[in-house]
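Observations on the three-dimensional arrangement
Read off the chains here:
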Amino acid sequence: MKLFAALICGVVFGSGIVISGMSNPAKVINFFDVAGTFDASLLLVMGSALATTFVGYRLLFGARAKPLLDEKYALPTSKIIDAPLVLGSIGFGVGWGITGFCPGGAIPALGFMDSRVVIFLAAMLAGMWATRTFRDRQPKTANA
């Protein structure tokens, strides 16, 4: 049942990405081009997503002590802003601004059979692998 629920959530998310046009890298790049072909529709999509999430979380967490298909909610517990978080955020933002793709938009865009999507996802997976490999080889500290 968990797998089916995840599939449904993924289909709804991916459909929203495609319907809103956010699987089109040109639309995303135009959002960042404030001096040229600026397109504010990404701001509307993000604002709508944040508003929906805010209301949904308030309703959900107020009504249920635990999720339907698990023992507890899987929420982040760390509030630490450290170098890996900052560097990862910068890398994500730069990559998104250059390519116009983020994982949420690239995966549904695979359906359009665009080779740029495959190259982006391959580079993303290589970056994830390299980061994990590098991090796993670092000496462990007492705080980690």
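Up top you'll find the structure we're talking about.
Below: a short report on this structure. Please read all numbers here as calculations on a predicted model, not as lab measurements. Residue indices follow the written sequence of each chain, beginning from 1 at its first position. Where totals are concerned, whole chains, interfaces and linings use all residues; where local detail is concerned, this predicted model gives features only for residues with pLDDT of at least 70, and gives and counts side-chain atom pairs only at 80 or more. With hydrogens and water set aside, each side-chain value is computed from the structure's full complement of heavy atoms.

**Brief notes about a nonpolar patch on the surface**
Here, patches come from residues exposed beyond 30% relative accessible area and free of salt bridges, joined within 9 Å for like charges and within 5 Å for nonpolar side chains (Val, Leu, Ile, Met, Phe, Trp, Tyr). Every accessible area reported is derived by Shrake-Rupley at a probe size of 1.4 Å, with residue values counting cover from the shown protein chains alone. Here a salt bridge means any side-chain nitrogen of Lys or Arg lying within 4 Å of a carboxyl oxygen belonging to Asp or Glu. Among the surface-exposed residues, Met1, Phe4, Leu7, Ile8, Val11, Val12, Leu68 and Leu69 lie close enough to one another that they form a single nonpolar patch of about 850 Å² accessible area. Tracing the chain through its elements places Leu7 in helix α1 (residues 2-20). Only DSSP runs of H or I covering at least 4 residues are called helices, and only runs of E covering at least 2 are called strands; the numbering of each starts at the N terminus.

**Brief notes about the environment of Asp39**
Along the chain, the position of Asp39 falls in the loop between α2 (25-32) and α3 (41-63). A C-alpha to C-alpha distance of 6.9 Å links Asp39 and Lys27, two positions twelve residues apart in sequence. If sequence neighbours within four positions are ignored, Asp39 has contacts with Lys27, Asn30 and Phe31. Here Lys27 takes part through its side chain, which lies 3.1 Å from a polar atom of the side chain of Asp39. Note on definitions: a residue-residue contact is assigned when non-hydrogen atoms from the two residues lie within 4.5 Å. Within 3.5 Å is the distance limit for a polar contact, defined as a pair of N or O atoms, with the added protein rule that one can donate a hydrogen and the other accept it, and that residues adjacent in sequence qualify only through two side-chain atoms.

**Side note on unusual backbone geometry**
With a phi angle near 60°, Met113 is a residue other than glycine that sits in the positive phi range. Structurally, Met113 is set in the loop between α5 (103-109) and α6 (115-137). In this scheme, a residue with accessible area under 20% of its type's maximum is buried, one over 50% is exposed, and one in between is partly exposed, where area comes from a 1.4 Å probe on protein chains only. A residue is classified by how much of its surface remains accessible, and Met113, at 73% relative accessible area, is exposed.

Purely spatial values, then, with no claim about function.
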